[in-house]
There are 2 protein chains.
Amino acid sequence: MSQPIDIAVVGATGTVGETLVQILEECQFPVGALHLLASMESAGSSVTYKGRNVRVREVDAFDFSQVKLVFFAAGPAVTRSFVARAQAAGCSIIDLSGALPADQAPAVVPEANAAVLVGLKAPVQVHSPSSAAVALAVTLAPLKHLLDLERVHVTACMAISAQGREAVGELARQTAELLNARPLEPRFFDRQVAFNVLAQVGANDAEGHGVLERRLVNELRELLGLPLLKISVTCVQVPVFFGDSYSVSVHSRKAVDLAAVNAALEAAESVELVDGDDYPTPVGDAVGQDVVYVGRVRSGIDEAEQLNLWLTTDNVRKGAALNAVQVAQLLIKDLA
Amino acid sequence: MSQPIDIAVVGATGTVGETLVQILEECQFPVGALHLLASMESAGSSVTYKGRNVRVREVDAFDFSQVKLVFFAAGPAVTRSFVARAQAAGCSIIDLSGALPADQAPAVVPEANAAVLVGLKAPVQVHSPSSAAVALAVTLAPLKHLLDLERVHVTACMAISAQGREAVGELARQTAELLNARPLEPRFFDRQVAFNVLAQVGANDAEGHGVLERRLVNELRELLGLPLLKISVTCVQVPVFFGDSYSVSVHSRKAVDLAAVNAALEAAESVELVDGDDYPTPVGDAVGQDVVYVGRVRSGIDEAEQLNLWLTTDNVRKGAALNAVQVAQLLIKDLA
Ligand SMILES: NC(=O)c1ccc[n+]([C@@H]2O[C@H](COP(=O)([O-])OP(=O)(O)OC[C@H]3O[C@@H](n4cnc5c(N)ncnc54)[C@H](OP(=O)(O)O)[C@@H]3O)[C@@H](O)[C@H]2O)c1
Ligand SMILES: NC(=O)c1ccc[n+]([C@@H]2O[C@H](COP(=O)([O-])OP(=O)(O)OC[C@H]3O[C@@H](n4cnc5c(N)ncnc54)[C@H](OP(=O)(O)O)[C@@H]3O)[C@@H](O)[C@H]2O)c1
C-alpha cells in the first residue's frame, strides 16, 4: 500500500471535479490531506468525501506547498493563472483543462501510453486529454498492431455536460420551456439546443476547424504514437446530458480481419464490446461506467480495408475524472 | 399551364403524406381529382386541401383506374401490396417507400439526375429516395465536376420523424415522463430515446450494415452516376423531432479548391450556404424549408484532398414530400 499523498483539486465543485473526488474515494486512493478549491463564489460550500463534508476554499488564497499533487479541473484560464504557483511549490500536476503545452505536459491515457510515465521523477506534469481522445485511444491502441492505420474519421456527438454545469442546466431548462410551450430563452448557448443538434462546439479557427477538433487530432496522434496519422474530426453538440458518442471509420492499408478485431476488443482493457444485434447508448450503457462501450463493429460496404465502430463513454467519468485518477495511480510511487 | 391530373396519395394521413398534400397546394400543382388513401383505421377522417376537408378512404377499396398518378407514401409493405393494382390500371407511380427494385423504378432527385426522366413515356415508375440520399445528392451533384470524387463518409444524425408519426409521439412522451420523474415506458422504440442517441435505425443485415445504410449507398451512387464511389455510412437516431443532419467528409483524388467549392454551393439549386462563424441547425434553419443547408465547409486538417461539410435539411419536406412533388412536376407533361 502506497503512502498517503496530500492532494489539491482545483475546480472541485464542477462537473469533473466533483466526480474526481468521488472516484478518489471509490478507488481508495491513498489520499492524505484533501484540499478542495474553487472560485470565490463556491468558497465556504462543501463537497462530500468519505462521509464527511469537506469545506471548499478559494484557490487564490491557497498555499500549494501543503500538497504534493494538484488536479487542475477548472477551465484553462484557471490552470494558466495558478499553475506557476503549483510548480514553484514543487507539486506534481495533472491538468484536465488542456491549458498546458504538449511539450511541457504529455497527454496520458494509461491504456494507450502508460509507458511515457516510466522513469519520470517527481514533480511530474502531465495532462489528461479531451474525452474524445480518451475514448479513441482506449479503443484504437489495442487495434494498432492489427491494423496498418492510415486514416481515422470521427464524428463526435458530444453530451451537454462536456460544457460543464451551466450547460447541463440550460438543456433541462430549455426542454421544460418547450414542453410547456413557454418562450425559449437561450442563455449559455446562443440558440435552441433542446431537440436540436449544434454543428460546432466552442470556437473555430480561421480555417473553420474547431479548437476542440484540432486538440483531438494532436492528442490522438500523441497517444497512439502515430504523429502522421490522418484524422478527420467533426464535433457536434447533441441534446444528451451525459455520455459522448463517436461514429468512427478507420482506414487500414491492409484488409481488416474482423474476427481478430473483435477478439482484440473483447480482450482490451477498459473496453466493453457490444455485439450481435445490440448496440450501446450513452444513457443505457455509458453513464456512470468506467469503460468505453464499442458497438456496430463492421467493415466498409465493399471496402475490406475499412473498419467502422460506434463508441460511447461517460465523458465526465472515463473521459476525464477517472482517466486523471488512473494516471495518478501510476504516478504515486514516485510522488509518495 | 399543364392539364389537371387526377392523383392518389397512399398514406395521406402520415407524416410524409400530409406534407405532400400541403405541398401540392402550396406549389399550385395542377391537381384534378385528389384521392387520399390510408388504412382502414383512418378511413373516414379528413385532410385539409385548399381549405376544404378531403375525406380519407381505404386504399384496399380504391379503384386505381380513376387516377393517372399515384404517390406511395406509406410503408414498403403497403407499396408492395397495392403497386400491382396501380400498374394494372396504367398509373404512373412515384414511390417514397423504397419498396420497388432500382431497375424497375429509378431514384430521382431533380437537382442531381433529372436527365433520367427525359424521353420516358407514361406510365412512368420512379422512386423518391431516402432523405439522406436527397440531401447528399443535392449537395454533391454541383460539386462533381470540381472534385475527383473517390470516397464519401457520412454520419447521419436522423430526426425522430424519419420513423413516422408514432416515433414523434414517443419522443414527446418519453421526454415529458423524464422531466416529470415518472417511470419511462418505451413503446415504439425498445429503449430510452429522449436525451439519448441510438446507434442503429431500423434493421441490420448479417454483416452489421443497416438496411437504410445500404440503401443510401446504392441510391447515392445511382443519383450521382458514380457506381464505383466508395461510401461509408452510419445512421443514428438523435432526439430531434424534425430535420436530419449529416456530417460529411469527401475525399477527392486531387486537392480541393475551397473557394471554387464555396462558389459552386452558393450557385447551386436548392442549397443554402451558411458560412463565416455561423452554422445551420435542424430547428433553427431546416425545418419547414425547401433547401439543404450546408455549413462548416472546410478542408481536412493537413489533407488538401479532403472536404468536410455539415448538412441539415427537413427530412419530411425536402427529404421526401417536396422531392416527390418536384419529380411529379417534371413528369406532368408526359402524364397529362
Ligand atoms: N465536462 C467534461 O466532460 C470534460 C471532459 C474533459 C475535460 N474537461 C475539462 O475539465 C474542466 C472543468 O470542466 P467542467 O465540465 O467540470 O466545468 P464546470 O462544471 O463548469 O465546473 C467548473 C469548475 O471550475 C471552477 N472555477 C471556475 N472559475 C474559477 C476560478 N476563477 N477560480 C477557481 N475555480 C474556478 C468552478 O468553481 P465555482 O463553483 O467556484 O464556480 C467549478 O468547480 C474544463 O477545463 C473542461 O474543459 C471537461
Ligand atoms: N418520415 C420521413 O422523414 C421519410 C423520409 C423519406 C421516406 N419516408 C418513407 O415514407 C413512408 C411514410 O413514412 P411516414 O414517416 O409518413 O410514416 P407515418 O407517419 O407512420 O405514416 C404512415 C402512413 O401509412 C399509412 N398506412 C399504414 N398502414 C397502411 C395500410 N395497411 N394501408 C394503407 N395505408 C397504411 C398510414 O395510414 P393510417 O393513418 O391509416 O395508419 C399513414 O398514412 C415510409 O415508407 C417511409 O420510409 C419517410
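Residues numbered from 1 in each chain as written. Chains lettered and ligands numbered in written order. Predicted model: local features only at pLDDT ≥ 70, side-chain atom pairs only at ≥ 80, totals over all residues. Heavy atoms only, no water.

Looking at an unreviewed UniProt entry, one finds chain A named Aspartate-semialdehyde dehydrogenase, with Pseudomonas fontis as its source organism. You can read under Sequence similarities (unreviewed entry) in the UniProt record for chain A the words "Belongs to the aspartate-semialdehyde dehydrogenase family." (UniProt positions renumbered as here; feature names shortened; annotations may be inferred.)

Peer 1: Teacher, can you tell me more about the overall build of chain A here?
Peer 2: When its secondary structure is counted, chain A shows 9 helices and 13 strands. In terms of overall dimensions, chain A is globule-like: its C-alpha atoms have a radius of gyration of 20 Å, near the 20 Å expected for 336 residues. Each principal axis of the C-alpha atoms in chain A carries an extent, and together these give about 60 × 60 × 40 Å. Within chain A, the fraction of its 336 residues that count as buried is 59%. Counted over contacts in chain A with a minimum sequence separation of 6, partners at least 24 positions apart contribute 67%. Looking at chain A as shown, the accessible area adds up to about 12,700 Å², and 50% of this sits on carbon and sulfur atoms. (Helix = DSSP H or I, 4+ residues; strand = E, 2+ residues; numbered from the N terminus. Rg over C-alpha atoms; globule rule 2.2 N^0.38 Å. Buried < 20%, exposed > 50% of the residue type's maximum accessible area, 1.4 Å probe, protein only. Contact = heavy atoms within 4.5 Å. Areas by Shrake-Rupley, 256 points an atom, 1.4 Å probe, with all protein chains shown as cover.)

Peer 1: What am I meant to see in the sheet that holds strand 12 (residues 292-300) of chain B here?
Peer 2: Backbone hydrogen bonds are what pair the strands of a sheet, in a parallel or an antiparallel way. All names here are of chain B. The sheet built from 6 strands is open, its strands ordered 9-8-10-13-12-11 with mixed pairing. Either end of the sheet is taken by a strand with one partner, and the two such strands are strand 9 (230-237) and strand 11 (271-273). Strand-to-strand twist of the sheet, defined as the mean angle between neighbouring strand axes without regard to direction, takes the value 20°. (Pairing = 2+ DSSP bridges. Axes fitted to C-alpha atoms, helices over the stretch in contact; angles between N-to-C directions.)

Peer 1: Teacher, can you tell me more about the UniProt feature "domain: Semialdehyde dehydrogenase NAD-binding" (unreviewed entry) in chain A here?
Peer 2: The UniProt record annotates "domain: Semialdehyde dehydrogenase NAD-binding" (unreviewed entry) at residues 6-120 of chain A. Regarding residues 6-120 of chain A, the helix share stands at 25% and the strand share at 28%, and the terminal C-alpha atoms are separated by 19 Å.

Peer 1: What is the right way to look at the site of ligand 1 in this model?
Peer 2: Residues and elements named next belong to chain A. Thr 13, Thr 15, Ser 39, Ser 42 and Ala 74 are the nearest of the 24 residues found near ligand 1. Residue Val 16 places a main-chain N or O atom 2.8 Å away from an oxygen atom belonging to ligand 1. Here ligand 1 loses 80% of its free accessible area of 890 Å² to cover by the protein chains. Residue assignment for the shell around ligand 1 shows that the elements contributing at least two residues are helix 1 (15-26) and helix 2 (76-88). Across the shell around ligand 1, the residue classes tally to 12 nonpolar, 11 polar and 1 charged. (Near = heavy atom within 4 Å. Polar contact = N/O pair within 3.5 Å; in protein donor to acceptor, adjacent residues only side chain to side chain. Nonpolar A, V, L, I, M, F, W, Y, C, P; charged D, E, K, R; others polar.)

Peer 1: How do you make sense of the domain arrangement of chain A when you look at a structure like this?
Peer 2: The parts lose accessible area when they come together, and the size of an interface is often stated as this lost area. All names here are of chain A. Along its sequence, chain A is carved into domain 1 (5-128 + 320-335) and domain 2 (134-315). Distance between the C-alpha centres of domain 1 and domain 2: 25 Å. When the two sides are added together, the surface that domain 1 and domain 2 hide from each other amounts to roughly 1,300 Å², 56% of it contributed by carbon and sulfur. Linking domain 1 with domain 2 are 0 salt bridges, by the criterion used here. Listing elements by their share of the side of domain 1 that touches domain 2, those giving two or more residues are helix 3 (110-113) and helix 9 (317-335). Looking at side-chain class alone, the side of domain 1 that touches domain 2 contains 9 nonpolar, 9 polar and 1 charged residues. (Domains from an automatic or database assignment. Buried area = accessible area lost by both parts, 1.4 Å probe. Salt bridge = Lys/Arg side-chain N within 4 Å of Asp/Glu carboxyl O.)

Peer 1: Could you clarify how one ought to interpret the relation of the copies chain B and chain A in this entry?
Peer 2: Mapping one chain copy onto the other needs a rotation about an axis and a shift along that axis. Once turned by 180° and shifted 0.0 Å along the axis, chain B lies on chain A with an RMSD of 0.0 Å. Such a combination of rotation and displacement between the chain copies is what one expects of a two-fold axis. (Least-squares fit on C-alpha atoms with pLDDT ≥ 70 in both.)

Peer 1: Could you clarify how one ought to interpret the pairing of strand 4 (residues 52-58) of chain B in this entry?
Peer 2: Consecutive side chains along a regular strand alternate between the two faces of the sheet. Residues and elements named next belong to chain B. With 3 bridges connecting them, strand 2 (residues 31-38) and strand 4 associate as parallel partners. Residue Leu 36 lies in a different strand from strand 4, and its bridge partner there is Val 56. In the sheet, strand 3 (residues 46-49) pairs with strand 4 via 4 bridges, with the strands oriented antiparallel. Counted as the bridge partner of Tyr 49 is Arg 52 from strand 4. Here strand 3 folds back onto strand 4, and the loop between the two strands holds 2 residues, one of which, Lys 50, carries a positive phi near 50°.

Peer 1: Just to check I follow, could you spell out the site of ligand 2 for this structure?
Peer 2: All names here are of chain B. Lining the immediate surroundings of ligand 2 are 24 residues, of which Thr 13, Thr 15, Ser 39, Ser 42 and Ala 74 lie closest. At a separation of 2.6 Å, an oxygen atom of ligand 2 approaches a polar side-chain atom of Ser 39. For ligand 2, whose free accessible area comes to 900 Å², the fraction covered by protein is 81%. Counting atoms within 2 Å of the grid points, the majority share of ligand 2 lands in the second largest pocket. Those elements that provide at least two residues to the shell around ligand 2 are helix 1 (15-26) and helix 2 (76-88). Of the residues contributing to the shell around ligand 2, the split by class is 12 nonpolar, 11 polar and 1 charged. Counting contributing residues per domain, the shell around ligand 2 is built from domain 1 (5-128 + 320-335) and domain 2 (134-315), each supplying no fewer than three. (1 Å grid on protein atoms, 1.4 Å probe; cavity = no way out; pocket = protein on both sides within 12 Å on 5 of 7 lines; lining within 4 Å. Sits in = over half its atoms within 2 Å of the grid points.)

Peer 1: I keep staring at the interface of chain B and chain A and nothing clicks. Help me out?
Peer 2: Between chain B and chain A, the residue contacts involve 59 residues of the former and 59 residues of the latter. Buried area between chain B and chain A, summed over both chains or domains, comes out near 4,900 Å², and the portion from carbon and sulfur atoms is 52%. The interface formed by chain B and chain A contains 10 salt bridges. Measuring nitrogen to oxygen at the nearest pair gives 2.8 Å for the salt bridge that ties Arg 191 of chain B to Asp 278 of chain A. Viewed at the interface, chain A and chain B are joined by 37 residue pairs in polar contact (both at pLDDT 80 or more). Of all elements in the fold, only strand 8 (149-158), helix 5 (165-179), helix 6 (211-224), strand 9, strand 10 (244-252), helix 8 (282-286), strand 12 and strand 13 (303-313) of chain B reach the threshold of two or more residues within the side of chain B that touches chain A. Counting residues per element, the side of chain B that touches chain A draws most heavily on strand 9 of chain B, which supplies 7 residues.

Peer 1: Help me understand the pairing of strand 12 (residues 292-300) of chain A, please; the structure alone is not making it clear to me.
Peer 2: Residues and elements named next belong to chain A. Across the 9 residues that make up strand 12, a large majority, 9, are buried. Inspection of the sheet shows strand 11 (residues 271-273) paired to strand 12 by 3 bridges, in the parallel sense. Note that in strand 12 the partner of Leu 273 across the bridge is Val 294. With 6 bridges connecting them, strand 12 and strand 13 (residues 303-313) associate as antiparallel partners. Considered in strand 13, the bridge of Val 294 is made with Leu 311. Between strand 12 and strand 13, which pair antiparallel and follow one another directly, the connecting turn spans 2 residues, one of which, Asp 302, has a positive phi of 65°.

Peer 1: So what exactly am I meant to see when it comes to the layout of surface pockets here?
Peer 2: Any empty space left between atoms is shown by rolling a water-sized probe over those atoms. All names here are of chain B. Roughly 1,300 Å³ of volume is contained in the second largest pocket. Taken together, 45 residues form the lining of the second largest pocket, with Ala 74, Gly 75, Pro 76, Ala 162 and Gln 163 sitting closest to its centre. Each residue belonging to the lining of the second largest pocket can be placed in one class, and the counts come to 20 nonpolar, 19 polar and 6 charged. Of the domains in this structure, domain 1 (5-128 + 320-335) and domain 2 (134-315) are the two that each give at least three residues to the lining of the second largest pocket. (Points joined across faces, edges and corners; volume = space filled by probe spheres on them.)

Peer 1: Just checking my understanding: could you explain the packing of helix 5 (residues 165-179) of chain A against helix 5 of chain B for this structure?
Peer 2: Between two packed helices, what matters for the description is the angle formed by their axes and the separation of those axes. Relative orientation of the contacting elements helix 5 of chain A and helix 5 of chain B amounts to 120°, with a least axis distance of 11 Å. In terms of orientation, helix 5 of chain A and helix 5 of chain B fall into the oblique class. Between helix 5 of chain A and helix 5 of chain B lies a crossing whose hand is left-handed. Packed against helix 5 of chain A, whose contacting residues are Thr 175, Ala 176 and Leu 179 of chain A, the element helix 5 of chain B presents Thr 175, Ala 176 and Leu 179 of chain B at the interface. (Parallel < 35°, antiparallel > 145°, perpendicular 65-115°, else oblique. Left-handed = near helix turned anticlockwise from the far one by under 90°.)

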